[in-house]
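Architecture and fold: a report
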Amino acid sequence: MSIKNSELILNPDGSVYHLNLKPENISDTIIFVGDQDRVEKITKHFDSIEFSTQKREFKTQTGYYKDRRISVISTGIGPDNIDIVLNELDALVNIDLNTRKPKSTLTHLNIIRIGTSGSLQADIPVDSFLISTHGLDVNGMLHFYQIKDICNPEIEDAFIKHTNWDTNKARPLIINNSDYLQKYFESDTVYTGMTGTAGGFYGPQGRVLRLPLHDANLNSKLDSFKHKDFRITNFEMETSVIYGLSKLLGHEALSLNAIIANRATGNFSNDPKKAVEKLIVYALERIVNI
C-alpha cells in the first residue's frame, strides 16, 4: 500500500518536506550537528562540496573528505527535530518516492553526531571528548513508537528506583549505540559513558530561573546513579532519540560529544569553539576508515 500524501509530504520539486532533499543529495555516511553554522565548520575541511541547501534550521552540505563522500546536516535543537530529520532521511533511502512504497532492499546509514555537552561527573573535564555508549531517554518522544526490542529494562528499572521517578512522567529508556561505529572512534584519550537526553534546556536539565522544578534534586540523582558499570556522564538533547530511531529503522548511530561545561564543578570551557574544532578533525580522520 502506498503511503498517503499527508503522511509523507513532498515539496513540488519532489524533495522531502522539511529537509528539502532528494535521494541523490545525500551520502550513506551522515554527520549530524545541532547548529546550522557548524555545518560549514566541518565542510571547510572537505576537498570539494557538490551540494548545498537549507530550509529552516535544516542545512545540508554533501561533498568529499579525502575519498569519502559525506553529508553534514544541522538538526537544530531537541528530540522533536531528530524525529523529523531521521524519518525524512530514512524515507530518502528506503522509500520509493515515486510509488510511495517502502523498498524491498533497505539501505543502512552511518550517522555520527558531533555535538557539545555538559559533563555531570567531576572526573570528566571540560574540553575532553566523550563517546555515548548509551542514550538515557528522559523526554518521552520515543514512546510514540514500538520500542520494546531496543531498550535495557534492567538498567531502566534501576534508574527509576534510584530517582524515585514520577509515574506521571514517561518511562525512562536506555538505548545502546552502534558497536560497529564505536570501534572506529574509541581511543585511550576519549571518555565513554551514558548520555542523558532531556526534552529542554532549562527545567528538564535542572536549571532554575523563575520557575520552581518538579524535582529539584533530579540532577544530583543523575550524578549519583550507578548500576554495575553504568553511570550517567553527561546531559544534552539529542542522543537517545538518534540512537532509538536509528535502531528502529536499521541504521548505525554514534554520538561524539565535546564537553564544554562541567555541571559538577561549575567550570565552562575557555574556548568551546576550539574544543569543537578538535573534535571535528578527530571525527573526520576516523570516518574515512568506516
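Residues numbered from 1 in each chain as written. Predicted model: local features only at pLDDT ≥ 70, side-chain atom pairs only at ≥ 80, totals over all residues. Heavy atoms only, no water.

1. Some remarks on unusual backbone geometry
Although it is not a glycine, Lys-66 adopts a positive phi angle of roughly 55°. Residue class for Lys-66 comes out partly exposed when judged on its relative accessible area of 44%. Unusually for a residue other than glycine, Asn-164 sits at a positive phi of about 50°. Checked against the element boundaries, Asn-164 lands in the loop between α3 (153-163) and β9 (173-176). (Buried < 20%, exposed > 50% of the residue type's maximum accessible area, 1.4 Å probe, protein only. Helix = DSSP H or I, 4+ residues; strand = E, 2+ residues; numbered from the N terminus.)

2. What about the environment of Phe-159?
Within the element layout of this structure, Phe-159 appears in helix α3. Through-space distance from the C-alpha of Phe-159 to that of Pro-172 is 8.0 Å; in sequence the pair is 13 residues apart. Contact partners of Phe-159, with chain neighbours within four places excluded, come to Leu-136, Val-138, Trp-165, Pro-172, Leu-222, Phe-225 and Ile-232. (Contact = heavy atoms within 4.5 Å.)

3. A look at the side chain of Asn-94
In this structure, Asn-94 sits in helix α2 (residues 79-94). A polar contact is formed between the side chain of Asn-94 and the backbone nitrogen of Thr-107, at a distance of 2.6 Å. (Polar contact = N/O pair within 3.5 Å; in protein donor to acceptor, adjacent residues only side chain to side chain.)

4. Structural notes on a nonpolar patch on the surface
Together, Phe-144, Tyr-145 and Leu-248 make up an exposed nonpolar region whose accessible area comes to about 320 Å². A residue is classified by how much of its surface remains accessible, and Leu-248, at 34% relative accessible area, is partly exposed. (Patch = residues over 30% accessible without salt bridge, like charges linked within 9 Å, V, L, I, M, F, W, Y side chains within 5 Å. Areas by Shrake-Rupley, 256 points an atom, 1.4 Å probe, with all protein chains shown as cover. Salt bridge = Lys/Arg side-chain N within 4 Å of Asp/Glu carboxyl O.)

5. Details of α2
Between its first and last C-alpha atoms α2 spans 22 Å; for 16 residues at 1.5 Å apiece the expected length is 22 Å, and the two agree. Within α2, 12 of the 16 residues are buried, leaving the element largely enclosed by the surrounding structure. Pro-79, Asn-81, Ile-82, Val-85, Leu-86, Glu-88, Leu-89, Asp-90, Ala-91, Leu-92, Val-93 and Asn-94 are the residues of α2 that are buried. (Expected span 1.5 Å × (residues − 1).)

6. Things to note about the pattern of salt bridges
Applying the stated criterion across every chain yields a total of 11 salt bridges. Here Arg-171 ties to Glu-156 by a salt bridge, and the two come within 3.2 Å at their closest N and O atoms. Of this pair, Arg-171 sits in the loop between α3 and β9 while Glu-156 is found in helix α3, placing the two residues 15 residues apart along the sequence. The exposure class of Glu-156 is buried, given its relative accessible area of 2%. The network of salt bridges with shared partners includes Arg-113, Glu-236 and Glu-238.

7. A look at the pairing of strand β13 (residues 252-262)
Most of β13 sits inside the fold, with 10 of its 11 residues counted as buried. Pairing of strand β7 (residues 110-119) with β13 involves 10 bridges; the strand directions are parallel. Following the sheet pairing, Ser-119 is matched in β13 by Asn-262. As defined by bridge partners, strand β8 (residues 129-137) adjoins β13 across 3 bridges and the pair is classed as antiparallel. Residue pairing in the sheet places Leu-130 in a bridge with Asn-257 of β13. Hairpin connection between β13 and strand β14 (residues 267-268): a loop of 4 residues separates the two successive antiparallel strands, and Gly-266 in this loop has a positive phi of roughly 85°. (Pairing = 2+ DSSP bridges.)

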